[in-house]
Amino acid sequence: MPQRVGLLLVVLLAWAMSAPPGDGPDEASHYTRMVGLAAGSLFGAPVPDDADIPTAFTNPGTPEQRARINRESGEYEIAGHDRLLDPCNATDGSRPFDCRSDVADQIHRSRSFHAKTLPTSYLLPALLSTAGRSAGEKSALGRLGYIVQNVSLLAVAAWAARPFLVRRPVPVAMVMLAFTPAALYFMAVISPSGTELASTTAFAMCLVRAIRQPTRP
């Protein structure tokens, strides 16, 4: 099992290193939440129900849908050098990591559309991001935090499933197929979705083992 965990770690690190900062879906929003949490703001400042939706949303929907988006959002005060400017040339293959600079001493109010989402999944990435001195460094450290917690959760899942899957190639193959390249990609960028998948898998495998072996410590 250590070899497989190590291989998974290598694959996730490769995803994280090959994807420009802000490249993941909604990653700029998750990054804002992470940095805001690191600064001590759990949910950010409330956003009015009728506030304009940024241009990233080409179709903000009905007033009711806009109100729901804003209620799940929060605004954080972020220094210029910590602000991740999306999309960071993600679509320009000749300079994918050539991010624009910002005014370092200026404070910006940045909105996260995930301010009310799964706060505990951001804790380790937020803690690691405090060691970064720029948006790029904070983004890389945040991704590393998600990789560490996702690999740890999947290691727990593998440990729990080992007694009843080790000699059953079909169930093992089905589990492996569930972790498609897209799923691994979400585990390597700043996104709680990967942690949702990893934690759900770990919980399910531990539950199955507890049912099959209730007397084991």
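Reference entry: report on the structure contained in this document.

1. Focus: the environment of Val-148
With respect to the helices and strands, the residue Val-148 is situated in helix α5 (residues 135–165). Judged by relative accessible area, which is 39%, Val-148 ranks as partly exposed. Along the chain, Val-148 and Leu-12 lie 136 residues apart, while their C-alpha atoms are 9.6 Å from each other.

2. A short note on the pattern of salt bridges
On inspection of all chains with the given rule, the structure shows 7 salt bridges. Each of the salt bridges in this network shares a partner with another, and the network as a whole consists of Glu-75, Glu-77, Arg-109 and Arg-111.

3. Describing helix α2 (residues 27–38)
The terminal C-alpha atoms of α2, which comprises 12 residues, lie 16 Å apart, in line with the 16 Å expected from a rise of 1.5 Å per residue. For α2, the tally of buried residues reaches 11 of 12 residues, placing the bulk of the element in the interior. For α2, the set of buried residues is Glu-27, Ala-28, Ser-29, His-30, Tyr-31, Thr-32, Arg-33, Met-34, Val-35, Gly-36 and Leu-37. Following α2 by one or two positions, Gly-40 has its phi on the positive side, about 105°.

4. Some points on helix α1 (residues 2–18)
Counted at 1.5 Å a residue, the expected span for α1 with its 17 residues is 24 Å, and the 24 Å between its end C-alpha atoms agrees. Looking at α1, one finds that the buried residues are Leu-8, Leu-12 and Ala-16. Looking straight down α1, one finds that the buried residues subtend no more than 75° of arc, so they occupy a single side. Along α1, the residues that are exposed and aim more than 90 degrees away from the buried face are Gln-3, Leu-7, Val-10, Met-17 and Ser-18.

5. Considerations on the packing of aromatic side chains
According to the stated counting rule, one finds 3 aromatic pairs in the structure shown. Relative to Tyr-146, the ring of Tyr-122 lies with its centre 6.3 Å away and its plane at 80°, an arrangement referred to as edge-to-face. You can see Tyr-122 sitting in the loop between β2 (107–112) and α4 (123–129) and its partner Tyr-146 sitting in helix α5, a full 24 residues away along the chain. Across the pair, Tyr-146 and Tyr-122 agree in class, each one buried. Between Tyr-185 and Phe-186 the ring centres are 5.9 Å apart and the planes differ by 65°, which places this aromatic pair in the edge-to-face class.

6. Quick word on unusual backbone geometry
For Leu-118, which is not glycine, the phi dihedral falls at a positive 40°. Position of Leu-118 among the secondary structure elements: in the loop between β2 and α4. Overall, Leu-118 belongs to the partly exposed group, its relative accessible area being 33%.

7. Description of the packing of α1 against helix α7 (residues 181–188)
Look at α1 against α7: their axes get within 8 Å of each other, and the N-to-C directions meet at 75°. When the axes of α1 and α7 are compared, the pair comes out roughly perpendicular. Contacts from Leu-8, Val-11, Leu-12, Trp-15 and Ala-16 of α1 reach α7 at Pro-181, Leu-184, Tyr-185, Met-187 and Ala-188. In the contact of α1 with α7, the residues fall into 10 nonpolar, no polar and no charged.

8. Quick look at the side chain of Ser-139
Tracing the backbone shows Ser-139 in helix α5. Judged by its relative accessible area of 2%, Ser-139 falls in the buried class. Excluding its chain neighbours within four sequence positions, the residues that come into contact with Ser-139 are Pro-21, Glu-27, Tyr-31 and Ile-190.

Rules of the game
Every chain is numbered independently, its residues counted from 1 as its sequence is written. Residue-level local features of this predicted model are given only where pLDDT is at least 70; pairs of side-chain atoms are given and counted only at 80 or more, and the full residue set underlies all totals for whole chains, interfaces and linings. Each side-chain value is worked out from all heavy atoms of the structure, with water and hydrogens disregarded. A run of H or I in DSSP becomes a helix once it reaches four residues, and a run of E becomes a strand once it reaches two; helices and strands are each numbered from the N terminus. A simple rule labels every residue: compare its accessible area, found with a 1.4 Å probe on the protein chains alone, to the largest value its type can have, and call it buried under 20%, exposed over 50%, or partly exposed in between. Each reported salt bridge corresponds to a side-chain nitrogen of Lys or Arg within 4 Å of a carboxyl oxygen of Asp or Glu. For a helix, the expected span equals 1.5 Å multiplied by the residue count minus one. The arc in question is formed by the directions pointing from the helix axis toward the C-beta atoms. Only Phe, Tyr and Trp rings take part, Trp by its six-membered ring, and two of them pair if their centres are within 6.5 Å. Stacked means planes under 30 degrees apart, edge-to-face means over 60, and tilted covers everything else. Axis lines are fitted through C-alpha atoms, for helices just across the contact stretch, and the angle between N-to-C directions can take any value from 0 to 180 degrees. Our angle categories are set so that under 35 degrees counts as roughly parallel, over 145 as roughly antiparallel, 65 to 115 as roughly perpendicular, and the remainder as oblique. Contacts are assigned to residue pairs with any non-hydrogen atoms lying within 4.5 Å of each other. In this classification, Asp, Glu, Lys and Arg are treated as charged, Ala, Val, Leu, Ile, Met, Phe, Trp, Tyr, Cys and Pro as nonpolar, and every other residue, Gly included, as polar.

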